Amino acid sequence: MKISLNWLNEYVDISEFIKAPEQLAEKLTQAGLEVESIENQSEQYKNIVIGEIIEKSQHPDADKLTLCQVKVEGSKVLPIVCGAKNHKQGDKVVVAMVGACLPGDFKIKKSKIRGVESQGMLRSEKELVLSEESSGIMILDGKASVGTAFAKAYGLDDVILDLSVTPNRADCLSHFGLAREIACLTKKSIKMPEANFQSSKQKTDVNVVLKNANDCPRYMGRSVFNVKVGPSPAWLKQRLESVDVNSINNIVDITNFVMLELGQPMHAFDSKLVEDNKIEISSSKKSEKFQTLDGTELELTGEELMIRDGKKPVAMAGVIGGKNSGVTETTKNIFLESAHFTPQTVRKSSRRFGIETDSGYRFSRGTDVEMTELALNRACHLIQQIAGGEVAVDFQDEYPNPEKKPVIDVHVNFVAQKLGYNVSPNDFEDGMKRVGCEVLDKDESGHFKFQTPQYRWDMDQDVDLVEEYGRIHGYEYIKETLPILTDRPSAQDTRYLLERDVESRMMECGYMQAVNYNFTSSVEQKALLGDVSAWNEYGLKLSDEDVKLLNPLNEDLDVMRRSHLPGLLKNLITNYRSGISYGRIYELGSIFHKKDYQEDLHLSMLSWGQAENLWQKNKKRPVVYDVKSAVEKLLNALGFTSFEWQLMKTAPSLLHPGQCVGLKLQGQLVGVVGSLHPRWIQENKIREDIAFAQINMEMIKNSYPKRANYKKISKQPYVERDLAFILQPDQNLGDILKEIKKVLKPDLKSIEVFDLYQGEKLAQGESSIALKMRFQTVDGTYTDQQLQELMQKAIKSAEKTGAKLR
Amino acid sequence: MKQKIDELLSQANEKIKMVADTKALYDLKVFFLGKQGEVTALMKELGKLPKEERPEWGQKINALKKQISELIDNQHKELELKELNQQIESEKLDLTLPGPQIEQGSRHPLSKVTEEIVEILSRIGFSVRSGPMIEKDWYNFEALNIPKDHPARDMQDTFYITEDHVLRTHTSPIQIHTMENEKPPIRILAPGSVFRCDSDISHSPNFYQIEALVVDQKVSMADLKGTISYFVKEFFGEEIKTRFRPSFFPFTEPSAEVDCSCPICKGKGCRTCKDTGWVEIGGSGLVNPKVFDYVKIDSKQWQGYAFGFGIERMAMIKYGIDDIRLFNENHIDFLKQFQ
């Protein structure tokens, strides 16, 4: 909200701050009214003065230029070259002298123009930011006094503050309101605006019928006759323009002025257009049409609070007036409205139609029900002064249930305890009086009963007074202590602990953590996931329906994510296009379900390319095995050592049907590891192998953390034996390992594949694998015969699956 | 006999010194001292001598054996050293070549900062709680004293899922869940993802917050400021100061914005603090008794404070990151900087 310091100065003496507005800004900010910017007009017009052309001659070397001798003060005359045509000798003009700075950071310097010295420039209205367009330089009337600073002569020496007012301080949304706050902070007195006028003999000729006192607790109105609608006087225009409000005509300007001055929005109706001389405050009718004063046609819903005359709606209460009843050049008699509408009703209407007005803003933040009367009088005062009307002898005031100001009981010790420092009863009482409270009762112990001021609707409980005292006394007095721990700390959240654990394990596995938005594009998500049931075969439990946002930021972020895939693939493309041909990233976070809006913790990994360097030349190694080993390392590290890989009949459409495997944990499928489908890789013009893994972490979360259980270690040395088998084309190693492990329990301590061969020496599709097994007894040593038996068992079980000993 | 002994000794002296490798030396050892060796043969001749001479010559042959043995050992040591030196010379490596790469992962700066904040505050008894991102209106607004159509709703641009479900606009609903489910005293931290309809260089529509809640018998603004000040010093540095400014949050009363002296310029003025020397880091206040009423905690018996920070903002200040969008682009050159 913009505040003019010159205007503010009319209600509270801030002359000391006009020269140092930063100090006032600091004071307000430290009291909770944050000043976002300070605009100092005189700074903008520094070194710009009024001058008189005492001599005008042709520039010796340029046809289109003139050389003027301009008097800027007493005997000081400056030579200035000017390209305009509308000036003559004797004109009073605006001179930007050396050192002046014009908008656009244009600095005036001493210069030579075509060989002739020029010590400044004559300015146009446009260049002075006084109008949008101008032809030629600005010529002032003869009365202007030479040498005066232009800013002062034209009232442009104002300072404008831009305040960010929190929703609880609606009382500060006006110049008078802010003056009242400054008076409280600086212990100064406040000056009330003049509101007296002469009333005529005529009576208010509009009858107010308040049908909805819930949404409109108070409605005041008064007629003014025979006004002369016309332009506003310069001072009024200037006040409005200083805070960026356009001047329309004197009557409308006065209603706006009163709103900016007192915070009470007002409206003026042309009495002639109010049919049946009746103003009724009631709800709209469903499907009824209403045209706002700016010409927009609305279809009402039956829920808006409207101001109606005998036949039709004439204004949307508190939001905007109707085109059918506003003040125009031909208006003679007016009916002035000064009402109190509740924030809820105004907020609803203004939100429904997206109409934001200064009036709606103030009402929806809460106006002062007691201000209606002063505002109405003030408007009558100004109208009589400016537009010369005759004010009706009486007024209408519908206020069926006068609001009760809250009474607050508080003890000074409570205030002191909450603020953490000593507070004396006298200081406290003084402070509360300054914020506008009335002392209803007090006792010697420091107990008070206060009545809060009507304009502070935000104050209704003891802690509000704690804040008020703390605020005006100064938050800098708050000490620094620590709260006493009165009980033992509680346990950490399991999900938090698991996430941190997974993050450090993934870092060990060489993966970088990505964080994407929790929402994504519905179209893209659908295209990438395809048939969700294919993913769910692998135990991922993805939702088959989107959780949609009612008001997405854009269509690329219109649903909650059901998988990390869309985000991670986007990251891959960004990285790949910037030349990063090798990457290991993962995301750990929620995915969403439509049902009950459930959120499941998932972990997804995406890897592309192989590092190739001096020691690692196997660039051909399929990336999917890297992902698989990261998953295994992670599960082992988290203590989930009993997992299995299970080949499945189908694969999700995004994954390679021949390179996809399920992860089984404690007998349950919980995830998938696979290569990306070559189609996707080609379509996205990527020349690297890409693999993906996704694990539903819910089961892991539910049994986390797993405590490591010590198993007794054997003192006996390991015995190693190797075996090689030939696998048939449709056979897989997993089955063989599973069988061998089963039969060699408990002697087999580990089994490792150390070679894989496919080629000339074997039939097409066959492969040879070499296995290294390690055996260990708890005590004693193996005899040759025992080892022989173990090997035979291994061979037999492998052969059962169709493999041949090599 | 004497002559033979002398001959063998001079022969050994000569041959042993000339040997060039340990293999040839071993052959010499066999030649002199082996079962069929010269010295052994000499020993066998001892029997031919008169009985009384045998001990004398026996001793002399033993001395010869010892001498040759020493010669061989010394030569062996010398040769070993020579061979080791040769091996060392031949095994010379260019250690300016790179080692095999150990793939280094990383942790997202948002996780890193969250963990750091949790670690600092865990030390004074705070424990983490979590909550859902899709919240009922009641948890996100009403129970936090933000009724429907209240002007305070304008403070946060909300994403709606249904009329009654929103994407949480702050982590404060976790306070409500905790106060509903647990009995005071309470001392918790709630980190999490939050949402606002806003997107530019300094606003993300989906960003991270962390907030703290204490509920106990007596809790003051000084306790609040002391806790934040402790945190700020641990997180940004010992010399960083904390300042409160009055503000408004519907769920706290009194409320305060929290500023800290600019960690970048140490308060001298820079771009980050817009030359003010202070940066705004979060909001705080004493729990509004109205919030206790909503969760049915007796506000006569219990008091509380709450404060919250934007995690992106903390990371931006701490690491000097100047564009919030970097956090979600996940560029590897960005990610790898945080480990």
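Residues numbered from 1 in each chain as written. Chains lettered and ligands numbered in written order. Predicted model: local features only at pLDDT ≥ 70, side-chain atom pairs only at ≥ 80, totals over all residues. Heavy atoms only, no water.

Next up on the list: the packing of helix α1 (residues 2–18) of chain B against helix α4 (residues 54–90) of chain B. Residues and elements named next belong to chain B. Contact geometry of α1 with α4 gives a least axis separation of 10 Å together with a crossing angle of 5°. Relative to α4, α1 is oriented roughly parallel. Every residue of α4 that contacts α1 at K2, I5, L8, L9, A12, N13, I16 and K17 is listed here: W57, K60, I61, L64, Q67, I68, L71, I72 and Q75. For the contact of α1 with α4, a count of residues per class yields 11 nonpolar, three polar and three charged. (Axes fitted to C-alpha atoms, helices over the stretch in contact; angles between N-to-C directions. Helix = DSSP H or I, 4+ residues; strand = E, 2+ residues; numbered from the N terminus. Parallel < 35°, antiparallel > 145°, perpendicular 65-115°, else oblique. Contact = heavy atoms within 4.5 Å. Nonpolar A, V, L, I, M, F, W, Y, C, P; charged D, E, K, R; others polar.)

Counting residues in each nonpolar core, the largest one holds 163 residues, and the members touching the most others are F428, W535 and W680 of chain A together with I281 of chain B. For this core, the leading source of residues is helix α8 (residues 221–236) of chain B, giving nine residues. Ignoring sequence-local partners within four residues, the contact set of W680 of chain A consists of L528, L569, L572, I573, L654, I686 and I690 of chain A. Counting 32 residues, the second largest nonpolar core, distinct from the first, contains L588, L603, F640 and M699 of chain A. (Core = buried A, V, L, I, M, F, W, Y, C linked by side-chain atoms within 4.5 Å. Buried < 20%, exposed > 50% of the residue type's maximum accessible area, 1.4 Å probe, protein only.)

Right, let's get into the interface of chain A and chain B. Facing the 88 residues of chain A at the interface are 92 residues of chain B. When chain A packs against chain B, the two sides together hide about 7700 Å² of surface, and 55% of this comes from carbon and sulfur. Taken as a group, Y475, M512 and V515 of chain A account for 9% of the area that chain A buries against chain B, more than any other trio of residues on that side. Between E503 of chain A and R107 of chain B there is a salt bridge, with the nearest N and O atoms lying 3.9 Å from each other. In this structure, the connection of chain A to chain B is made through 41 residue pairs in polar contact (both at pLDDT 80 or more). Its residues assigned to classes, the side of chain A that touches chain B comprises 39 nonpolar, 27 polar and 22 charged. (Buried area = accessible area lost by both parts, 1.4 Å probe. Salt bridge = Lys/Arg side-chain N within 4 Å of Asp/Glu carboxyl O. Polar contact = N/O pair within 3.5 Å; in protein donor to acceptor, adjacent residues only side chain to side chain.)

All names here are of chain B. Confidence in the prediction of chain B, expressed as mean pLDDT, is 92, and 99% of residues score 70 or more. At the low end of the mean pLDDT range in chain B sits helix α3 (residues 38–45), at 85; at the high end sits strand β1 (residues 127–128), at 98. As scored by the predictor, the complex reaches a pTM of 0.87 and an ipTM of 0.87. (pLDDT = per-residue confidence, 0-100.)

Here the focus is helix α18 (residues 565–577) of chain A. All names here are of chain A. In this model α18 runs 18 Å from its N-terminal to its C-terminal C-alpha over 13 residues, within 8% of the 18 Å that 1.5 Å per residue would give. Of all 13 residues that make up α18, 10 are buried, and the element is covered over most of its length. Along α18, the positions that sit buried rather than exposed are L565, P566, G567, L568, L569, N571, L572, I573, N575 and Y576. Of the residues one or two after α18, G579 is the one with positive phi, at around 95°. (Expected span 1.5 Å × (residues − 1).)

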